[in-house]
Number of protein chains: 2
Amino acid sequence: MKLESAMAVTPRKRGRPPRLEPAYGTSREALIRAGVALLSEKGYSATGLEEVLRSAGVPKGSFYHYFASKDAFGAELIDAYATYFAHKLDRWLLDGNTAPLQRLRNFVADARTGMARYEFRRGCVVGNLGQEMSALPELFRDRLHGVLLDWQARTERCLRDAQASGEIAAKADCTALAAFFWIGWEGAVLRAKLERSPEPLDLFADLFLTCLAR
Amino acid sequence: MKLESAMAVTPRKRGRPPRLEPAYGTSREALIRAGVALLSEKGYSATGLEEVLRSAGVPKGSFYHYFASKDAFGAELIDAYATYFAHKLDRWLLDGNTAPLQRLRNFVADARTGMARYEFRRGCVVGNLGQEMSALPELFRDRLHGVLLDWQARTERCLRDAQASGEIAAKADCTALAAFFWIGWEGAVLRAKLERSPEPLDLFADLFLTCLAR
């Protein structure tokens, strides 16, 4: 994620220290961080630029120094969230020390903890923006769909491991099951936000896993 | 649905015809109809009152004659959509001439046709508003959740019929399965809108039914 690379420490050169210029990276990344948080909570249409600026502590005049438009900013937010989330998925789903279906359970448990941390106010940026796609710039559509296909591919790898180890049937269609998982999981995150409860996440994951195990 | 009752014909009394006052009902129902259509497409935050008025062909001054506020209007739109959709569900799911799981398939096929009619631009009002709940008046939360519980109860009845006729296992938990269906189905409608394609609806429904049949 760009947030992390921006915060990486550059090795100090000998001699006079360079003029400190933290503002560019810091403000830019603060805007991305604030934008992702607001999109995960309220979506795109309900998030005003003013609120992003206030939340990031960045003056209004600076925004267009970093981003060409609100839409260009939105596209960067999708990318930043997608990269962050892909790493999170891999951390759980490629964990070679854990049986494959337990990895999926661990991902679900982590998502539950993550949502509880913000009292179920924050959901999935991709789910939120997907829901309001009719009101968004068309250039977001392929991007959002592409992100979901990427997450599905990562999930499919885990399901194939489960198949190889005999946890799910050899004839199961792992591509379709991974798509099914992501279709339903976005619904579960939406419902958990609505109910402010982890129950929909647990109910969906439990029945999905039961269905797989048969 | 109020739309229908407003359009019902009142029996004519003898004598001088009463002064025609179609405006109240007509404008009010036109506003509800336009509001539901816009919410199903764009959700609440992205729908401006101006657009509802323009779409309904009602002058701005009239709106507050019918509704106390945009939020009061929104609450009525949820109720109108809920009632309309409950009738639709019952038409398919209580169809005694059809085997229970086929009724569910018929509901899915009808939803697919309905979404295709508007080129997958319109989704579910309850799913859309649920997704943006963080930006909506709190009074919508219980209402939206209540609607989903109502639809689940109607779906559960159909699953119990399937259980009684041996289409699904006697030990299946029909309450949980109906909740699972609605969690995932809202995700499928969201995804179909995003992809402008019926595939997510079919994929979700097919795997759900396969899972039931085992």
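Residues numbered from 1 in each chain as written. Chains lettered and ligands numbered in written order. Predicted model: local features only at pLDDT ≥ 70, side-chain atom pairs only at ≥ 80, totals over all residues. Heavy atoms only, no water.

Before going further, it helps to examine the interface of chain B and chain A. In this assembly, 42 residues from chain B lie in contact with 42 residues from chain A. Per-residue buried area on chain B facing chain A is highest for Q131(B), I183(B) and L194(B); these three make up 20% of the total on that side. Taken together, the connections running from chain B to chain A amount to two salt bridges. The salt bridge partner of R196(B) is E138(A), with a shortest N-O separation of 3.3 Å. If you list the elements that add at least two residues to the side of chain B that touches chain A, you get helix 2 (23-42), helix 7 (125-131), helix 8 (139-164), helix 9 (174-195) and helix 10 (199-213) of chain B. Ranked by the residues each element gives to the side of chain B that touches chain A, the list is headed by helix 9 of chain B, at 15 residues. Classifying every residue of the side of chain B that touches chain A gives 21 nonpolar, 10 polar and 11 charged. (Contact = heavy atoms within 4.5 Å. Buried area = accessible area lost by both parts, 1.4 Å probe. Salt bridge = Lys/Arg side-chain N within 4 Å of Asp/Glu carboxyl O. Helix = DSSP H or I, 4+ residues; strand = E, 2+ residues; numbered from the N terminus. Nonpolar A, V, L, I, M, F, W, Y, C, P; charged D, E, K, R; others polar.)

Residue and element names in this part refer to chain A. All chains considered together, the criterion is met by 30 salt bridges over all chains. The closest approach of N and O atoms between R143 and D79, which form a salt bridge, is 2.9 Å. Linking R143 in helix 8 (residues 139-164) with D79 in helix 5 (residues 70-93), this pair joins segments that are 64 residues apart in sequence. R143 gets classed as partly exposed once you look at its relative accessible area, which sits at 31%. Across the pair R121 and E119 runs a salt bridge whose closest N-O atoms are separated by 3.6 Å. Residue classification places R121 among the partly exposed residues on the basis of a relative accessible area of 33%. (Buried < 20%, exposed > 50% of the residue type's maximum accessible area, 1.4 Å probe, protein only.)

Okay, the packing of aromatic side chains next. Residue and element names in this part refer to chain A. Tallied over the entire structure, the rule returns 47 aromatic pairs over all chains. Each ring, one from F63 and one from F67, has its centre 5.3 Å from the other, and the planes form 40 degrees; the classification is tilted. The buried category is assigned to F67, whose relative accessible area is 2%. Aromatic pair Y81 and W151: ring centres 6.2 Å apart, planes at 65 degrees, arrangement edge-to-face. Of this pair, Y81 sits in helix 5 while W151 sits in helix 8; the two residues are 70 residues apart in sequence, bridging distant segments of the chain. Across the pair, exposure class does not vary: Y81 and W151 are buried alike. Note that K70 overlies the ring of Y44, its terminal NZ or CZ placed 4.3 Å from the centroid. Sitting over the face of the ring of Y118, R122 holds its NZ or CZ atom 3.8 Å from the ring centroid. (Phe/Tyr/Trp six-rings, centres within 6.5 Å; stacked < 30°, edge-to-face > 60°. Lys NZ or Arg CZ within 6 Å of the ring centre and 35° of its normal.)

Our focus in this paragraph is the relation of the copies chain B and chain A. In screw terms, the move from chain B to chain A is a rotation of 180 degrees and a rise of 0.0 Å along the axis, fitting with an RMSD of 0.0 Å. Such values leave the two copies arranged in the relation of a two-fold axis. Looking at chain B, 100% of its interface residues are interface residues in chain A too, so the copies touch through the same face. (Least-squares fit on C-alpha atoms with pLDDT ≥ 70 in both.)

To continue, consider the nonpolar core. With 134 residues, the main nonpolar core has L31(A), W151(A), W185(A), L31(B), W151(B) and W185(B) as its most contacted residues. Aside from chain neighbours lying at most four places away, what touches W185(A) is F107(A), V108(A), A111(A), L201(A) and F204(A). (Core = buried A, V, L, I, M, F, W, Y, C linked by side-chain atoms within 4.5 Å.)

Attention now moves to helix 9 of chain B. All names here are of chain B. Taking 1.5 Å as the rise per residue, helix 9 with 22 residues should run 32 Å; its terminal C-alpha atoms sit 30 Å apart, in good agreement. Taken across its 22 residues, helix 9 has 20 buried, putting it largely inside the fold. One side-chain oxygen of the residue at the start of helix 9 lies 3.2 Å from the amide nitrogen of T175, identifying that residue as D173. After helix 9 finishes, the residue R196 shows a positive phi value of roughly 45 degrees. (Expected span 1.5 Å × (residues − 1). Polar contact = N/O pair within 3.5 Å; in protein donor to acceptor, adjacent residues only side chain to side chain.)

What is shown is where atoms sit, not what they do.
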